[in-house]
Amino acid sequence: MTDRPGTTASIAAYPMEAPASQALLDRALAVTPGGVNSPVRAFRAVGGTPRFMVSGHGPYLRDADGREYVDLVCSWGPMILGHAHPAVLEAVTTAAGRGFSFGTPSENEVALAEEIVARVEPVEQVRLVSSGTEATMSAIRLARGFTGRSVIVKFAGCYHGHVDSLLAAAGSGVATFALPDSAGVPKEMAAETIVLPYNDLAALEAAFAERGQEIAAVITEASPGNMGVVPPAPGFTEGLRRVTTEHGALLVSDEVMTGFRCSAAGWYGLEGPYAAGAPDLFTFGKVMGGGFPAAAFGGRADVMAMLAPLGPVYQAGTLSGNPVATAAGLATLQHCTPEVYDRLTTVADTLTAALGDELGKAGVPHVIQRAGSMFSVFFREGAVVNYDDAKDQHVPAFAAFFHSMLSQGVHLPPSAFEAWFLSAAHDDAAVDRVLAALPAAASEAAAAFARIDA
Ligand SMILES: *Cc1c(COP(=O)(O)O)cnc(C)c1O
């Protein structure tokens with residue numbers, strides 16, 4: 001790919017100077033590993049200086065240098081109503097005024113649990129925790145306690161938080177007994193995890209044929225968003241349910257990202273109910289905390305009854321069901337009306353269409369995939385159905401695209417393997433800013449392809 005129109009624009013302008021953010025990063029680097037409290041924030045995949053944000057309102061973030069960005073990360077999903085939504089702010093302020101944490105039960109916890117149970121039909125009971133990682137960790141322990149088995153099946157490219165036994169992602173994409181993806185995870189722990197390629201029922205059936213009696217659960221992202229957006233192929237979720245049921249294993253649907261975002265009932269609301277039956281357990285986080293640390297796992301009442309204090313599976317948390325976090329989550333869910341989901345759909349339609357147009361005009365190989373209003377672009381030809389496909393893309397083109405967008409005031413996820421997140425606060429003015437930035441960014445992506453091909 002050479003000498004296409006629009007491939008000559010210079011990217012010398014990036015990484016753009018961000019002196020105030022850089023000064024904060026320098027301070028952070030002295031006291032925090034890598035300067036960040038969660039790795040993807042460090043911009044390692046795209047280079048440049050991560051922006052230290054000072055404030056957020058509606059669809060916008062403002063950084064330490066005083067620049068404003070349209071936010072297409074939305075805190076990786078939670079800010080579905082936009083930043084500092086007035087009703088959520090009021091709920092949080094009111095709750096905080098009554099005390100921060102009681103270490104006792106309180107009404108907001110009940111109300112939030114009721115809201116979740118009312119929305120996701122198969123979920124009869126939930127237990128609240130403080131992060132998605134805790135939710136999946138606890139769901140796995142519960143599945144093991146319920147079945148008396150220890151092996152967990154997960155899919156390559158699915159992220160379920162930084163739980164030891166779930167960090168085995170086995171990059172090869174071939175059905176394999178996993179090696180840990182992280183130092184510090186014992187081999188023995190990873191050996192209890194089977195990693196399979198996503199969207200491959202034959203691989204699942206083969207694994208169950210071999211070790212079905214040992215498998216406690218299959219955990220899957222309801223619709224994966226952590227390798228970019230890779231929805232389940234038609235029939236895949238049904239197949240997971242059928243095979244697990246046949247072998248007495250539980251099915252855990254991780255809706256931490258998709259829950260209350262893809263629809264009022266999450267991915268389940270779009271794809272379910274399933275003829276083969278519902279997943280036994282679900283995990284939630286992100287949107288249900290409204291930007292505060294609140295998450296949950298839940299499902300069948302007979303499985304949930306295994307949890308302490310009713311049953312023998314121990315699980316606890318000093319701040320679980322925190323009154324301020326639950327107030328934020330409850331207010332957020334209560335304001336996730338049909339109009340909110342309609343708006344998300346409209347904005348996703350507009351942005352994906354324009355993104356496809358501009359990349360097409362610039363001659364950039366790309367495929368855009370969607371799950372509800374979540375979407376991502378892969379810089380490659382052809383649909384992405386699993387992690388191997390996702391990795392087979394032109395990452396430098398994404399970095400070029402990303403920095404062009406950033407320099408034009410659009411804050412994208414700083415990785416080619418992440419979904420873009422919208423909020424109902426993304427009004428036409430915010431959308432127009434994104435649209436205006438796309439042509440130049442598409443040219444930069446084309447230029448990056450041209451440099452590699454040259
Ligand atoms: C974000 C995420 C998690 C982990 O949640 P944290 O709150 O970051 O611990 C788990 N599963 C999925 C699908 C996620 O997207």
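The rules behind each value
- Residues numbered from 1 in each chain as written.
- Predicted model: local features only at pLDDT ≥ 70, side-chain atom pairs only at ≥ 80, totals over all residues.
- Heavy atoms only, no water.
- UniProt positions renumbered as here; feature names shortened; annotations may be inferred.
- Helix = DSSP H or I, 4+ residues; strand = E, 2+ residues; numbered from the N terminus.
- Rg over C-alpha atoms; globule rule 2.2 N^0.38 Å.
- Contact = heavy atoms within 4.5 Å.
- Areas by Shrake-Rupley, 256 points an atom, 1.4 Å probe, with all protein chains shown as cover.
- Lys, Arg positive; Asp, Glu negative; His and termini not counted.
- Charge placed at Lys NZ, Arg CZ, Asp CG, Glu CD.
- Near = heavy atom within 4 Å.
- Polar contact = N/O pair within 3.5 Å; in protein donor to acceptor, adjacent residues only side chain to side chain.
- Nonpolar A, V, L, I, M, F, W, Y, C, P; charged D, E, K, R; others polar.
- Expected span 1.5 Å × (residues − 1).
- Buried < 20%, exposed > 50% of the residue type's maximum accessible area, 1.4 Å probe, protein only.
- 1 Å grid on protein atoms, 1.4 Å probe; cavity = no way out; pocket = protein on both sides within 12 Å on 5 of 7 lines; lining within 4 Å.
- Points joined across faces, edges and corners; volume = space filled by probe spheres on them.
- pLDDT = per-residue confidence, 0-100.
- Salt bridge = Lys/Arg side-chain N within 4 Å of Asp/Glu carboxyl O.
- Pairing = 2+ DSSP bridges.
- Disulfide = S-S within 2.5 Å.

- You'll find the protein chain entered in an unreviewed UniProt entry as Glutamate-1-semialdehyde 2,1-aminomutase, with Pedococcus cremeus given as the organism.
- A UniProt comment under Subunit (unreviewed entry) is attached to the protein chain, and it reads "Homodimer."
- Per its UniProt entry, the protein chain bears the Subcellular location (unreviewed entry) comment "Cytoplasm".

### Observations regarding the overall build of the protein chain
Then step 1. For the protein chain, the helix and strand inventory stands at 14 helices and 14 strands.
Then step 2. Taking 2.2 N^0.38 as the reference for a compact globule, 454 residues should give roughly 22 Å; the C-alpha atoms of the protein chain span a radius of gyration of 22 Å, in line with that estimate.
Then step 3. Dimensions of the protein chain, computed from C-alpha atoms along their principal axes, come out at roughly 65 × 55 × 45 Å.
Then step 4. Pairs at least 24 residues apart make up 74% of the contacts formed inside the protein chain by residues separated by at least 6 positions.
Then step 5. Within the structure as shown, the protein chain displays about 17,800 Å² of accessible surface, and the carbon and sulfur contribution to it stands at 56%.
Then step 6. For the protein chain, the distance from the average site of its 28 positive side-chain charges to the average site of its 46 negative ones is 4 Å.

### Overview of unusual backbone geometry
Then step 1. Residue Pro273 follows Gly272 across a cis peptide bond; omega there is -5 degrees.
Then step 2. You can see Pro273 is positioned in the loop between α8 (266–271) and β10 (281–284).
Then step 3. Along the chain, Ala308 connects to Pro309 via a cis peptide bond; the corresponding omega equals 10 degrees.
Then step 4. Along the polypeptide, Pro309 turns up in the loop between α9 (301–304) and α10 (323–335).

### Here we look at the site of the ligand
Then step 1. Around the ligand lies a shell formed by Ser131, Gly132, Thr133, Tyr159, His160, Gly161, Glu221, Asn226, Asp254, Val256, Met257 and Lys286.
Then step 2. Note that a nitrogen atom of the ligand is positioned 3.3 Å from one of the backbone N or O atoms of Tyr159.
Then step 3. Note that an oxygen atom of the ligand is positioned 3.1 Å from one of the side-chain N or O atoms of Asn226.
Then step 4. Taking 380 Å² as the accessible area of the ligand by itself, protein coverage stands at 83%.
Then step 5. Partitioned by chemical class, the residues of the shell around the ligand number 3 nonpolar, 6 polar and 3 charged.

### Notes on helix α13 (residues 395–407)
Then step 1. In this model α13 runs 19 Å from its N-terminal to its C-terminal C-alpha over 13 residues, within 8% of the 18 Å that 1.5 Å per residue would give.
Then step 2. Among the 13 residues in α13, 10 count as buried, and that is most of the element.
Then step 3. Those residues of α13 that fall on the buried side of the exposure criterion are Ala397, Phe398, Ala399, Ala400, Phe401, Phe402, His403, Ser404, Met405 and Leu406.
Then step 4. Just past α13, the residue Gly409 takes up positive phi, approximately 85 degrees.

### Considerations on the layout of surface pockets
Then step 1. In this structure, the second largest pocket encloses a volume near 410 Å³.
Then step 2. Considering the residues around the second largest pocket, the lining is formed by 24 residues, among which Glu109, Arg127, Leu128, Ser320 and Gly321 are closest to the centre.
Then step 3. Of all the elements in the fold, those that place two or more residues in the lining of the second largest pocket are α3 (107–119) and β4 (125–129).
Then step 4. Broken down by class, the residue content of the lining of the second largest pocket amounts to 12 nonpolar, 10 polar and 2 charged.

### Structural notes on the environment of Gly47
Then step 1. If you trace the backbone, Gly47 turns up in the loop between α1 (19–31) and β1 (53–57).
Then step 2. Placed 367 residues apart in sequence, Gly47 and Pro414 show a C-alpha to C-alpha distance of 8.8 Å.

### Observations regarding the confidence of the model for the protein chain
Then step 1. Averaged over every residue, the pLDDT of the protein chain is 93; the share at 70 or more is 93%.
Then step 2. Within the model, the stretch residues 1–14 combines pLDDT values under 50 with 19 contacts to residues more than four positions away or in other chains.
Then step 3. Across residues 170–177, confidence stays below pLDDT 50; counting only partners more than four residues off in sequence or on other chains, it has 21 contacts.

### A look at the UniProt feature "modified residue: N6-(pyridoxal phosphate)lysine" (unreviewed entry) in the protein chain
Then step 1. This chain's UniProt record puts "modified residue: N6-(pyridoxal phosphate)lysine" (unreviewed entry) on Lys286.
Then step 2. If we ignore the near neighbours within four places in the chain, the residues touching Lys286 are Trp76, Pro78, Val256, Met257, Gly291 and Ala294.

### Considerations on empty space enclosed by the protein
Then step 1. The final tally for this structure, using the stated rule, is 1 cavity of 30 Å³ or more.
Then step 2. For the largest cavity, the calculated volume is near 50 Å³.
Then step 3. Around the largest cavity, the lining residues are Thr220, Ala222, Thr237, Leu251, Ser253, Glu255, Trp267, Tyr268, Tyr274, Pro279 and Phe282.
Then step 4. Mapped onto the lining of the largest cavity, the elements with two or more residues apiece are β9 (250–254) and α8.
Then step 5. Residues that form the lining of the largest cavity fall into these classes: 7 nonpolar, 3 polar and 1 charged.

### Details of the side chain of Asp254
Then step 1. Looking at where Asp254 falls in the secondary structure, it is placed in strand β9.
Then step 2. Although Asp254 is buried, it forms no salt bridge, and the closest oppositely charged side chain is Lys286 at an N-O distance of 7.2 Å.
Then step 3. Only 2.9 Å separates the side chain of Asp254 from the backbone nitrogen of Val256, close enough to count as a polar contact.
Then step 4. Of note is the side chain of Asp254, whose polar atom sits 2.9 Å from the side chain of Thr283.

### Observations regarding the sheet that holds β1
Then step 1. The mixed open sheet is built from 4 strands, whose spatial order is β1-β2-β3-β14. Across the chains shown, the open sheet's two edge strands, defined by having one partner strand only, are β1 and β14 (410–411).
Then step 2. Direction of pairing for strand β2 (residues 60–63) relative to strand β3 (residues 68–71): antiparallel, over a ladder of 3 bridges. Bridging from a neighbouring strand, Arg62 pairs with Glu68 of β3.

### So, the state of the cysteines
Then step 1. Under the counting rule described, the total for this entry stands at 0 disulfides.
Then step 2. In this structure Cys262 is not part of a disulfide, and its nearest cysteine sulfur, from Cys336, lies 12 Å away.
Then step 3. A disulfide-free cysteine, Cys336 has its sulfur positioned 12 Å from the sulfur of Cys74, the nearest such atom.

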